[in-house]
Amino acid sequence: MFVSTNSLSGNRRLVNLSIKKYFNLSVDRRVREGYGILMDVAFYPLHNPVKHYAWGSTERIARFQHRRFPTPQPEAEVWMGAHPSDSSMLQIAGRRCSLWQAVADNPEYWLGSQVARDFDRQFPFLLKILAAEKALSIQVHPTRDQAERGFRFEEQHAVPHDAPHRIYRDRNHKPEQMVALSEFQAMCGFRTGSAIAQRMRPLHRYTSVSGRDEQALQELWSVLEMISSDTDGIGSFFRTLMALQTDHPAAAAALLHGGVQAASAELAEIDAFAAAWVRRLSRQFPDDPGALAPLYLNTVSIYPGEALTLAAGIPHAYLDGLGVEVMANSDNVIRAGLTVKHIDVPSLVDTVRCRSFVPDTAGPQPVADGVEQYPQVFREFALFRLTTGPVRITRDAGCAGRGPRILLADSDAQLRIVDTQGRWEDISGGSAVVIPHATEEFRLQGTGCGYLATAGAV
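Residues numbered from 1 in each chain as written. Predicted model: local features only at pLDDT ≥ 70, side-chain atom pairs only at ≥ 80, totals over all residues. Heavy atoms only, no water.

Undergrad: How should the overall build of the chain be read in this particular structure?
TA: A count of helices and strands for the chain gives 14 helices and 24 strands. Residue burial in the chain is summarised as follows: out of 458 residues, 56% are buried. Taking the intrachain contacts of the chain between residues at least 6 apart in sequence as the baseline, contacts between residues at least 24 apart amount to 75%. If you sum the accessible surface of the chain, you get close to 19,300 Å²; carbon and sulfur atoms cover 48% of it. (Helix = DSSP H or I, 4+ residues; strand = E, 2+ residues; numbered from the N terminus. Buried < 20%, exposed > 50% of the residue type's maximum accessible area, 1.4 Å probe, protein only. Contact = heavy atoms within 4.5 Å. Areas by Shrake-Rupley, 256 points an atom, 1.4 Å probe, with all protein chains shown as cover.)

Undergrad: When you look at the sheet that holds strand E21 (residues 424-428) in this model, what are you seeing that I'm missing?
TA: Paired through their backbone hydrogen bonds, the strands of a sheet run either parallel or antiparallel. Spatial strand order, E18-E23-E20-E21: four strands in an open sheet with antiparallel pairing. The sheet is open, and its two edges are formed by strand E18 (391-393) and E21, each paired on a single side. When strand polarity is set aside, the average angle formed by the axes of neighbouring strands in this sheet is 25 degrees. As paired elements, strand E20 (residues 414-419) and strand E23 (residues 442-447) share six bridges and run antiparallel to each other. When the sheet's bridge partners are listed, glutamine 414 is paired in E23 with threonine 447. (Pairing = 2+ DSSP bridges. Axes fitted to C-alpha atoms, helices over the stretch in contact; angles between N-to-C directions.)

Undergrad: Looking at this model, I keep getting lost on helix H9 (residues 211-226). Mind explaining?
TA: An α-helical turn contains 3.6 residues, so a residue and the one three or four places further along point in the same direction. For H9, spanning 16 residues, the distance from its first C-alpha to its last is 23 Å, which sits close to the expected 22 Å at 1.5 Å a residue. Residues of H9 that are buried include every one of Asp213, Ala216, Leu217, Leu220, Trp221, Val223 and Leu224, and no others. Taken down its axis, H9 places every buried residue within 160 degrees of arc, on the same side. Away from the buried face of H9 by more than 90 degrees, exposed residues Gly211, Arg212, Gln215, Glu225 and Met226 are located. (Expected span 1.5 Å × (residues − 1). Arc of directions from axis to C-beta.)

Undergrad: Would you mind showing me how to read the layout of surface pockets here?
TA: Over the atoms a probe the size of a water molecule is rolled, and this reveals where empty space is left. If you add up the space inside the second largest pocket, you get close to 280 Å³. Looking at the second largest pocket, it is lined by 15 residues, and the ones nearest its centre are Gly150, Ile167, Tyr168, Asp344 and Ser347. Looking at the lining of the second largest pocket, the element that brings in the most residues is helix H7 (residues 144-156), giving five residues. In the lining of the second largest pocket, the residues fall into five nonpolar, six polar and four charged. (1 Å grid on protein atoms, 1.4 Å probe; cavity = no way out; pocket = protein on both sides within 12 Å on 5 of 7 lines; lining within 4 Å. Points joined across faces, edges and corners; volume = space filled by probe spheres on them. Nonpolar A, V, L, I, M, F, W, Y, C, P; charged D, E, K, R; others polar.)

These figures come from the coordinates and say nothing about function on their own.
So this is what it looks like as structure tokens:
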């Protein structure tokens, strides 16, 4: 039984069931009987874990959620969902319970039969608030097949799940979509071969080493002379650059030094935006050649309301800004720079898509009154922006998605979500509720907008 947090003063109903009986049930009986126990609650407020990574902000997420700031530690992400490593929490029978455990106990109630089958009885997506005040690591995410093989290999070799060199935390791939809440800066995908060569060649005259390191640099210059926009040319460049960083640290340091010098001279005339980011990243990561990534990855500005969608294998790094991010329910990351964490070059080279990529940002498109949808590419998730009016959300209207849903209130929103029986919940300023599959229809009232994440259409 889940107890609503609604006050007795509202027109809301408290669940009149035995708490003791529920906790005396076995898990199997909760699965068999849980629908009848839980169905009297339509929406469940979420208590979400905050991730304190060094690249986060002491103000942005706290300000978004109307909490006091600066916070004692940087806040980088707020996770909303049921990832087994760090799940959102609910109130279940007056006690805190993880959403992950609730779904495990009763997948049909939470997910619906089809989503439960499609995603092996797991919550299909993870929703985040993300704040970057310092660059995230340059990273790629594996395909589902790569994740399956990598996870199985690391499990067979007993690599601890919290080991620094562990790559595959789960079996899933991690496509993602990030909607900017502020102007957001990012790097995403390789430039064309000719654009890479144009931005990297000026480093030659500013970079000087001797011996084996000079030979390693000469190999890089040779590759740049031959590079083209085809896969082999970009792949050769990237493999040579990563080998330089891994096997020739003196050459890599000299290359970084030359890049910073060039960024204040010729590079500023070729690409002022990329040159400025080289200088900024070299201050954030003074010994990391990843600071040169703006010369070979696209640098992009994402404006509030626009979304950037990323598939497996595309190298990217979020640089600065506040956003809402939805992704497949995974935490698999393979890093390529701007990090003190482990970089596994063989896994990286096997995973990264070494071809040019043009980042495409897009706003949402209307699908019903008060409902806009961002481009849906992956079956794990779809993302909608809801405005008030009131808005009626039904599956038949094609805007309620499949399975479970999470509704996040925008910072300035004051929202009331109401089901067909008049049960309601208020959310505002960065708070969120989870809506089980069993709640078929609801209305949204109030002011401001909300972001609704669902499983994607098949």
